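Observations on the three-dimensional arrangement
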Amino acid sequence: MNRLALWLSAGLAVGTLAVAGAVGEPPIGDPAQGQPVAQPEIDPTQAVIITSGTRVGEPKKDEKFKPFKDVAASYEKIISTTDGSAGLFTLYIDEEKDKILAELPRGFERQKHLIATTQVSGDVFAGLQGGDSYVQWKRIGDRIALVEPNVSVRSTGDRESRMSAERIWTDRVVLDVPIVTMGPTGQPVIDLTDLLIDNASKFFGGAVRGANTRLATIAKAKSFPENIEIAIEMPGGDGRMRQFHWSIRNMPENTGYKPRESDPRVGYFTVSYRDLGKFDRDQVWTRYITRWNLEKADPKLKVSPPKQPIVFYIDHETPVRYRRWVRQGIEMWNEAFREVGIDGAIEVYYQDAATGANMDKDPEDARYNFIRWLANDISTAIGPSRPHPLTGEILDADIVLTDGWIRAFWYEANEFLPQIAMEGMSPETLQWLERHPEWDPRVRLASPEKRDEVMRQLGRRGVAALSAHPEFWTDAMAHADPTTLALAERMGAGASGLCMAAQGKAMEMAFAGMAMDVMGLLDDPEDGEPKGGDKPKKDEGDSLDGIPEWFVGPMLADLTAHEVGHTLGLRHNFKASAAYDLTQINSEEWKGKKALAASVMDYLPTNIRLTEEDGEIQGDYAMIKVGPYDMWAIEYGYGSGKPEEVAKRSAEPEFAYLTDEDTSGSDPLARRYDFAKDPLDYAENRMRIAEVFRDRILEKFVKDGQSWSRARRGYQITLNAQMGAVSIMSNWLGGTFVSRAQKGDPGASDPLTPVSAEQQRKALAFVIDNSFFDESFGLTPDLISKMTVDKFADEGGIRTLYSDATYPIHDTIAGIQSSVMTQLINPTTLRRVYDNELAVNSDQDYITLPEMMDAVSDATWKEINDKPSRQYSARQPMISSLRRNLQGEHVERLIDLTMPGALSGAAARPITDLAMMKLREIKDRIDPLIKDGQASQLDPYTLSHLQQVSVRIGKALDAGYIYNGGSGGGSIIYNIYGKEGEEPAGN
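Residues numbered from 1 in each chain as written. Predicted model: local features only at pLDDT ≥ 70, side-chain atom pairs only at ≥ 80, totals over all residues. Heavy atoms only, no water.

Of the regular secondary structure elements, the chain holds 30 helices and 30 strands. Residues counted as buried form 55% of the 987 residues belonging to the chain. A separation of at least 24 residues holds for 71% of the contacts in the chain among residues at least 6 apart in sequence. (Helix = DSSP H or I, 4+ residues; strand = E, 2+ residues; numbered from the N terminus. Buried < 20%, exposed > 50% of the residue type's maximum accessible area, 1.4 Å probe, protein only. Contact = heavy atoms within 4.5 Å.)

In structure tokens:
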């Protein structure tokens, strides 16, 4: 008797439950490992459940459905192939009713499908890849369920472990629809339009909220052997017509693709699963890198064409004038593939409406990879991909490039300041800013008329509410821009995350545009002026949208190469910019021959050098090729050698790798928009250029016939450069260099190396010198009198419509100084400085928390070091208005640090004690000035300022006394009435 007969007879005999085929051993083998899946002895789909002799769950007779010919009488079959071959689903359309019926394919329950979604129109990011799902269809009675198989938890262990895992970690039903009839081939037929429209929110989220489904129409319906393409158009909640596209593609299994395990030393995106058959904690998680199935056509050849190349199409909406530069950016990667023996790995074709070339291919079709151009006036470029969730094999990739970053060449750059100031802030600091909005650069750097709205936005979008979105924790700049914030929320924790490379390009375009105006980058330099190095003349090359092609073309190719790198599987590498020093980059050896950074996957500023001597070289402005790290990463992911041997070279300087999550960490070289091996050289160069800009704003940046509003725009661009340089160097305080090299890797250093005391002191001095003093801002009455705004009562002028025509000097400078104080005096930086004191032997010189706080305090309060030297007046005060603001910021910071509950952790107490000590020192220095005969020499501004500071500090110190705070018992009592009391021990 066979096993089925034995089970059935036993069940009938005792009246108990018997499940044929359901209790056998689970399938053996992992398709992700290329292992064949053993078929069960009994087909589970043929099993029946018998209990007490009664059949339960037996499939209902299909005769109950209406005949297909009656249901589909008004429908016509969709034939999308020239030879009439059958599609993945057989589709039938009723154009009058805007309805589509779909007959599922034979064996549909054994198939897996990819559903890839794209919003095609009616949105500023229309064309960007939407979500995707790995699904299968399952018939349950009279209905068809769309099911997401569990792929995140499994077991490759013993039989019992596999059975338990399958019972606990089950599949998820996404939706279900009724079977409307049985098709000509005997397979279920469903109403596809009802399925998609009624469940649109499950695929597109809030984009379809409030959509008027009554007016939904079919915009596209195609059926191919491996996929179907459906697009529905309907008004959104705002009434605007929007088109939504579903690409449903067959997911072939066991194609011969061999997954490659990830390595933390090389930056790839990953797919992962938890293997509960393993008990070594280091082996429980299996991670595969995402990459294409790219192989040599002839493995015996050292260099061979690919068996199947990666193909990109440049969509027909890309302006013709930019297409060759987009193509150049894509093809930069072929050099890296050639090094691993694959020649012509990537092919590029143009889609062209004028000639009809490749117009039969839909960018939304998950079989094709497109570069899409969005005319949305936003600085964005994103390169997402869709990998197989079991293996990491990339199946589809579509890049979007937008035109906004190019337009930023002429951009009013004041919107960038908050984003620059937020760069590098850790999750800890972001959460702290939520509790202390008065310290927040987004608030302090907002223009006065917008500050209340920024506060309201922060209240609605608190940091805690963003914890589900990893992108927010890894790129603090996203918090400073509402458009980027909305985009990141829309993408969620997408496979490729949020890429802000284009936004950085926008900042650089504004800077470069000003450089060309005021430094003569288009002309021969005038005698005696700072030079920009070797510069093309005006007649060299075309002008694209008013910008020299020799400049904007390579910038676009660089940006495209960055996004293509993402679609090849590569993550950002924000340590790559530190590979070479400025002298190397700007040399004959480098220019036009070598990449100016180790990787195109970094966010790189424009290499504009202020040369001061004849013969000095201006190097390439942007990356002209992929870097050595990129070549190495491609070797790891696509080479035929042993990946683990490739990864061992990670300690080589050009292969250093740190990515998004590291930018909020302690390594100051893991930084967006910094440059060169010693970023201090870059920061000083930027400040020199900014000073030249300021000297020439009125003479050269504002030309005859132009609005004086350009003077404000130009000054804001210099503030961006200044804020960026200061922000870069503030990260060096408390810094620790991080290496991902592993034990035994050749040349590997310690994984953690504290930044030297000398480097930190130089960084601190740079930050103070370029933000604490009036002269660092280059303001003159002549410049201030010209910095007005244009006003237009329309959408294009809304940014400045309610701005005061006069420049908000004190608000702007105070905002920058406040942001710098936040960068220096925040819990994360102070804790790192304190912790690093133990990371270096005590007999070695090292920067300490008292030294850092002394340096900040001494620079802030240097005016009160000595007695007044003369009689001061309101017109010539002892302490300038900008410095008084700075001092007020410093005192408030110190007071906040002394308040109970302001800080947490072991470093809180020493930080609080030091802050109290600094407050006492400041008060002790102020009181003689305002109480003795010296007060008569002070101007009213300075006197009133110092009096208020003294009172404020006194009250704060009184309020900060905590009795029995360290006793371990009893209540905590605060002295808030200014009465003298015994100080806690240690104060």
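Here we take up the sheet that holds strand 12 (residues 181–182). Pairing is antiparallel across the open sheet formed by 5 strands, whose spatial order is 4-5-6-13-12. Because the sheet does not close on itself, it has two edges, and the strands there are strand 4 (76–77) and strand 12. Taken together, the 2 bridges between strand 4 and strand 5 (residues 90–94) define a ladder with antiparallel strand orientation. Looking at the pairing, K77 lines up with Y92 of strand 5. (Pairing = 2+ DSSP bridges.)

Read across the sheet, 3 strands follow the order 10-17-18 without closing on themselves; strand pairing throughout is mixed. Only two strands of the sheet have a single neighbouring strand rather than two, namely strand 10 (153–154) and strand 18 (285–289). Relative to strand 17 (residues 270–275), strand 10 runs parallel, the two sharing 2 bridges. Pairing of R154 across the sheet is with D275, part of strand 17.

In this structure, W333 and F337 are the most contacted members of the largest nonpolar core, which totals 189 residues. Broken down by element, this core gets its largest block of residues, 12 residues, from helix 15 (residues 501–518). Counting residues in hydrophobic clusters, the runner-up holds 40 residues, among them L104, L175, F244 and I248. (Core = buried A, V, L, I, M, F, W, Y, C linked by side-chain atoms within 4.5 Å.)

Once that is clear, we can look at the packing of helix 15 against helix 16 (residues 549–567). Contact geometry of helix 15 with helix 16 gives a least axis separation of 11 Å together with a crossing angle of 170 degrees. The angle between the axes of helix 15 and helix 16 places the two elements in the roughly antiparallel class. Helix-helix and strand crossings are classified by hand; for helix 15 and helix 16 the assignment is right-handed. On the side of helix 15, the interface is formed by A501, A502, K505, E508, M509, A512 and M516, while helix 16 contributes W550, F551, V552, M555, D558, L559, H562 and E563. Residue composition of the contact of helix 15 with helix 16, grouped by class: 10 nonpolar, 1 polar and 4 charged. (Axes fitted to C-alpha atoms, helices over the stretch in contact; angles between N-to-C directions. Parallel < 35°, antiparallel > 145°, perpendicular 65-115°, else oblique. Left-handed = near helix turned anticlockwise from the far one by under 90°. Nonpolar A, V, L, I, M, F, W, Y, C, P; charged D, E, K, R; others polar.)

The subject of this paragraph is helix 3 (residues 159–168). The complete set of buried residues in helix 3 reads S161, R162 and A165. In a view along the axis of helix 3, the buried residues occupy a sector of 100 degrees, so they form one face of it. Facing away from the buried side of helix 3 by more than 90 degrees, the exposed set consists of E160 and R167. Against strand 10 lie the buried residues of helix 3. (Arc of directions from axis to C-beta.)

In this model, N358 sits at a positive phi of 60 degrees, which is unusual for a non-glycine residue. Of note, N358 is situated in the loop between strand 20 (346–350) and strand 21 (369–374). Of note, the phi angle at D377 is positive, near 60 degrees, even though the residue is not glycine. In this fold, D377 is placed in the loop between strand 21 and strand 22 (381–382).

A few words now on the packing of aromatic side chains. Following the criterion strictly, the structure yields 25 aromatic pairs and no others. Seen from their ring centres, F68 and Y92 are 5.1 Å apart, and the 65 degrees between their planes marks the pair as edge-to-face. Here F68, found in helix 2 (residues 68–71), pairs with Y92, found in strand 5; they are 24 residues apart in sequence, far enough to count as distant. Each member of the pair, F68 together with Y92, is buried. An aromatic cluster is built from F203, F204, F244 and W246, whose rings are joined through pairwise contacts. Positioned above the aromatic ring of F65 is the side chain of K64, whose terminal nitrogen or guanidinium carbon lies 4.7 Å from the ring centre. Across from the ring centre of F701, 4.1 Å away, lies the NZ or CZ of R710, which sits over that ring. (Phe/Tyr/Trp six-rings, centres within 6.5 Å; stacked < 30°, edge-to-face > 60°. Lys NZ or Arg CZ within 6 Å of the ring centre and 35° of its normal.)

For K361, the location among the structural elements is in the loop between strand 20 and strand 21. A polar side-chain atom of K361 sits 3.2 Å from a polar atom in the side chain of N358. Ignoring anything within four residues of it in the chain, the contact list for K361 reads Y313, Q351, Y368 and F370. (Polar contact = N/O pair within 3.5 Å; in protein donor to acceptor, adjacent residues only side chain to side chain.)

A few words on the confidence of the model for the chain. With 82% of its residues at a pLDDT of 70 or more, the chain shows a mean pLDDT of 84. A low-confidence stretch, residues 463–480 stays under pLDDT 50, and its non-local contacts, those more than four residues away or across chains, total 62 contacts. Predicted confidence for residues 962–987 stays below pLDDT 50, and this span has 30 contacts to residues more than four positions away or in other chains. (pLDDT = per-residue confidence, 0-100.)

If you trace the backbone, G131 turns up in strand 8 (residues 129–140). Taking the C-alpha atoms as reference points, G131 and A116, separated by 15 residues in sequence, lie 6.3 Å from one another. Each residue touching G131, except ones within four places of it in the same chain, is listed here: I115, A116, T117 and R386.

To continue, consider the pattern of salt bridges. Applying the stated criterion to the full structure yields 50 salt bridges. The shortest N-O distance in the salt bridge between D662 and R740 comes to 2.8 Å. A residue pair is termed long-range when its members are at least 10 positions apart, and D662 in the loop between helix 19 (643–647) and helix 20 (679–701) and R740 in the loop between strand 27 (736–738) and strand 28 (752–754) qualify at 78 residues. A salt bridge links R952 to E892, with the shortest nitrogen-to-oxygen separation between them at 3.2 Å. Linking R952 in helix 30 (residues 940–960) with E892 in helix 28 (residues 881–898), this pair joins segments that are 60 residues apart in sequence. (Salt bridge = Lys/Arg side-chain N within 4 Å of Asp/Glu carboxyl O.)

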